[in-house]
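# A look at the structure
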Amino acid sequence: MGERCLAALRDAGAEQVDADILQPASVLLDLYGEDIRGRAYVTADPLRGEQMLRPDFTVPIVRRHMENGAEPARYTYLGAVFRQQEFDESRATETLQVGYELFDRDTPRADAEVFAAISGLLGDAPLRAATGDIGILRAAVLGLTTTERRKAALLRHLWRPRRFRQLLDRFGGRNPMPPARAALLDRADPMADLPPVMGLRSESEIAIRVAALKEDAAADPISGTELDLIDALLALSETCPNVLVALHDLAVDMPAIGAAVDGLSARLDALAARGVDVETLPFEGSYGRTSMEYYDGFVFGFYAESRPDLPPVATGGRYDALTAVLGGGTGVPAVGGVIRPEVLAELEAGA
Amino acid sequence: MTLKLGVPSKGRLMDKTFDWFAERGVTLRKAGRAREYAGAVDGIDGVELVLLSAGEIPRELAAGRIQLGVTGSDLVRERLANWDSRLRELAQLGFGGADLIIAVPQAWIDVDTLDDLDAVAAAFRAAHGHRLRIATKYHRLVRDFLRHHGVADYQLVDSQGATEGTIRNETAEAIADITSTGETLRANGLKILSDGLIHSSQATLFRGRRRGWTDAQRSTLKALEARLGL
């Protein structure tokens, strides 16, 4: 099954690449944060330091492309990835992935190409497709009438819905200021009588944040209208054409999402041109906000409806920002997807 | 087959565990000379006392090599992934209490909550080029807690002792450690985050949930639970 998918992607013009099973842990830890330790296998090498059994192919392939790749580039690969399963012993820790990664500046066409390539390999298994677009939420946050600092805080937590919600509630004045902060800001000079500073975080860093807290306390709350618009965006769950209509309505009050909505529209056209039935394709405003941290635009997944116990058969999305992080600041538009051939084979055997 | 009861092999935790059982009519004692780690049980049949390091009791319970065990609830949560599918709490014993908390320097007047810690972690990473370091020996508990609360841009650094000193020594910016009164923290210029309580630990009697218990072991447990008033 995996070999068949790989051959098909190679025939479609993708260059077959491989990645070392042992990856330097520091790159992945800096990218995903400490959470990845709970999901990936970390091991130690006496000379090279901490190493990680590759939890995905995307990161090593992006690093490789950023070093010496030309555009447009299409890559495919087949191999095992390793994930710890702390909560469900029945889930496999070593699973095969066959993937397709596309570096191309024509983003709607590239999104459609990857989606069509992946879905075209999934055969007749009865699957539920899910799609979303983190880029629209991102544009909505950037368009809020509030301080740059608040926008940056919200953008940092797009993928942590709970913290995102808390921040939004606080910036919107729905939650009162914590008492300790109110007491601090009530003082004429908060920095007077500072206890002895120790450690790497300096007195000036503390002073900078106190000033930022003062600025934040003086800023107007994000308006109820804008909070409602964000809520409406996150609650969208409809077919793509209906979502597009709803988004055009939202864009009247939230012009900042206009370009992102046009992007969705162009993507749907590109998908339709590739024969994808966009009329029935679902779209969820919150899809891709958990466990898909590096995706920042189009996101998609395919799920076996009859087997909720199984991981998704295929997932993918756009990760432009990741290429910038791994490319030392210069990024290229990139989108990719993976199929889990073992899951697909299990479905076909059970069908 | 006897029912094996694991109890910490030394110190106050052992003494208090012995007291707790004695108050309920079950006498646990070290057999032979004081330095030996063999145990004896009086007052109930079919129970065998196994003296072990408190830190090893979670693993032995999960593996089914002992059926009952007394240890800190923090150790069970730290050492066993998905602990509540593998062990069950029978009784909280009311001693050995300590809180696993997050603490930062008192000079961080701008930090009182996890929300502050998260914001400072982002700024710290931008200023220093590495993630804000939290020294701890409770990696799983701290990581799960911070993930649940959506804190990012931190890293855990291992500290098996003298954790309060790591900030002064510039090997960490914050700590996550066990404290009972907070006195040592204050003496080291640290303060506890107001919402930074990760787990309130105490000595707890656990039973393993493994299959493969014999009928004799089951009935011994019933008798023991009746005797202990559980």
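Rules behind the numbers
- Residues numbered from 1 in each chain as written.
- Chains lettered and ligands numbered in written order.
- Predicted model: local features only at pLDDT ≥ 70, side-chain atom pairs only at ≥ 80, totals over all residues.
- Helix = DSSP H or I, 4+ residues; strand = E, 2+ residues; numbered from the N terminus.
- Rg over C-alpha atoms; globule rule 2.2 N^0.38 Å.
- Buried ≥ 20, exposed ≤ 12 C-beta atoms within 10 Å, placed from the backbone.
- Contact = placed C-beta atoms within 7 Å.
- Axes fitted to C-alpha atoms, helices over the stretch in contact; angles between N-to-C directions.
- Parallel < 35°, antiparallel > 145°, perpendicular 65-115°, else oblique.
- Left-handed = near helix turned anticlockwise from the far one by under 90°.
- Core = buried A, V, L, I, M, F, W, Y, C linked by C-beta atoms within 7 Å.
- Domains from an automatic or database assignment.
- Nonpolar A, V, L, I, M, F, W, Y, C, P; charged D, E, K, R; others polar.
- Pairing = 2+ DSSP bridges.
- pLDDT = per-residue confidence, 0-100.

With that out of the way, let us pick up the overall build of chain A. Across its full length, chain A holds 14 helices and 12 strands. The C-alpha radius of gyration of chain A comes to 22 Å, within 12% of the 20 Å expected for a compact globule of 351 residues. Taken along its principal axes, the extent of the C-alpha atoms in chain A is 70 × 60 × 40 Å. The burial tally for chain A puts 38% of its 351 residues in the buried class. In chain A, the share of contacts with a sequence separation of at least 24, taken over all contacts with a separation of at least 6, comes to 70%.

Let us now look at the packing of helix H6 (residues 148–156) of chain A against helix H7 (residues 161–171) of chain A. Packed helices, taken two at a time, are described by their axes: the angle between them and the distance between them. Residues and elements named next belong to chain A. Running from N to C, H6 and H7 point in directions that differ by 160°, and their axes come no closer than 9 Å. Classified by the interaxial angle, the pair formed by H6 and H7 is roughly antiparallel. Pair H6 / H7 crosses with left-handed handedness. Listed contacts from H7 to Arg150, Ala153 and Leu154 of H6 are Phe164, Leu167, Leu168 and Phe171.

Next up on the list: the nonpolar core. Grouped together as the largest cluster of nonpolar side chains are 118 residues, with contacts concentrated most on Ile136(A), Ile257(A) and Ile134(B). In terms of nonpolar packing, the next biggest core, distinct from the first, is built from 25 residues, Leu3(B), Leu5(B), Val41(B) and Leu68(B) among them.

So, about the domain arrangement of chain A. Here chain A is described as being made up of domain 1 (1–110 + 119–124 + 341–351), domain 2 (127–173 + 223–304) and domain 3 (177–220). Using C-alpha coordinates to define each centre, domain 2 of chain A is positioned 34 Å away from domain 3 of chain A.

This part is about the interface of chain B and chain A. Residue-level contacts link 33 residues of chain B with 33 residues of chain A. Among the elements of the structure, helix H4 (114–128), helix H5 (139–148) and strand E9 (154–158) of chain B are those that each provide at least two residues to the side of chain B that touches chain A. Taken together, the residues of the side of chain B that touches chain A break down into 15 nonpolar, 8 polar and 10 charged.

Residues Glu71(A) and Pro72(A) are joined by a peptide bond in cis, for which omega reads -15°. Within the secondary structure layout, Pro72(A) lies in the loop between helix H3 (58–68) and strand E5 (73–82). In this model, Asn82(B) sits at a positive phi of 60°, which is unusual for a non-glycine residue. Note that Asn82(B) resides in the loop between helix H3 (73–79) and strand E6 (87–92). At Ala162(B), a residue that is not glycine, the phi angle is positive and equals roughly 50°. Here Ala162(B) is to be found in the loop between E9 and strand E10 (174–179). On the basis of neighbour count, Ala162(B) is assigned to the exposed category, with 10 C-beta atoms found within 10 Å.

All names here are of chain A. The 3 strands lie next to each other as E2-E4-E3, forming an open sheet whose pairing is antiparallel. Of all the strands in the sheet, the pair left with one neighbour each is strand E2 (22–24) and strand E3 (42–45). Each neighbouring strand pair of the sheet contributes to a mean axis angle of 45°, computed without reference to strand direction. Sheet topology places E2 next to strand E4 (residues 49–53); 3 bridges connect them, and they run antiparallel. Bridge pairing links Leu22 to Leu53 in E4.

Residue and element names in this part refer to chain A. Strand order across the open sheet formed by 7 strands is E1-E5-E6-E12-E11-E10-E7, with mixed pairing between neighbours. The two strands at the open ends of the sheet, each matched to only one other strand, are strand E1 (15–16) and strand E7 (127–133). With 4 bridges joining them, strand E10 (residues 298–304) and strand E11 (residues 314–318) adopt antiparallel strand pairing. Opposite Phe300, over in E11, you have Gly316 as the bridge partner.

Among the secondary structure elements, Ala153(A) is positioned in helix H6. You can call Ala153(A) buried: it has 22 C-beta atoms within 10 Å. As for Ala153(A) and Asp193(A), which are separated by 40 residues in sequence, their C-alpha atoms are 29 Å apart. When residues no more than four places from it in sequence are discounted, the contact partners of Ala153(A) are Leu167(A) and Ala119(B).

Right, let's talk about the confidence of the model for chain B for a bit. Mean pLDDT over chain B stands at 93; residues scoring 70 or higher make up 98%. We note a pTM of 0.90 for the whole complex and an ipTM of 0.89 for its interfaces.

Attention now moves to the packing of helix H11 (residues 240–253) of chain A against helix H12 (residues 258–273) of chain A. All names here are of chain A. Between H11 and H12, whose axes approach to 10 Å, the crossing angle comes to 160°. As judged from the angle between their axes, H11 and H12 are roughly antiparallel. For the element pair H11 and H12, the recorded crossing hand is left-handed. The residues of H12 that touch H11, namely those facing Cys240, Leu244, Leu247, His248 and Ala251, are Gly258, Val261, Leu264, Ser265 and Leu268. Split into classes, the residues belonging to the contact of H11 with H12 amount to 7 nonpolar, 3 polar and no charged.

Residues and elements named next belong to chain A. Summarising the element assignment, Asp30 is placed in helix H2 (residues 25–32). Residue Asp30 is classed as partly exposed on the basis of its C-beta count, with 17 C-beta atoms lying within 10 Å. Between the C-alpha atoms of Asp30 and Leu154, which are 124 residues apart in sequence, the distance is 20 Å.

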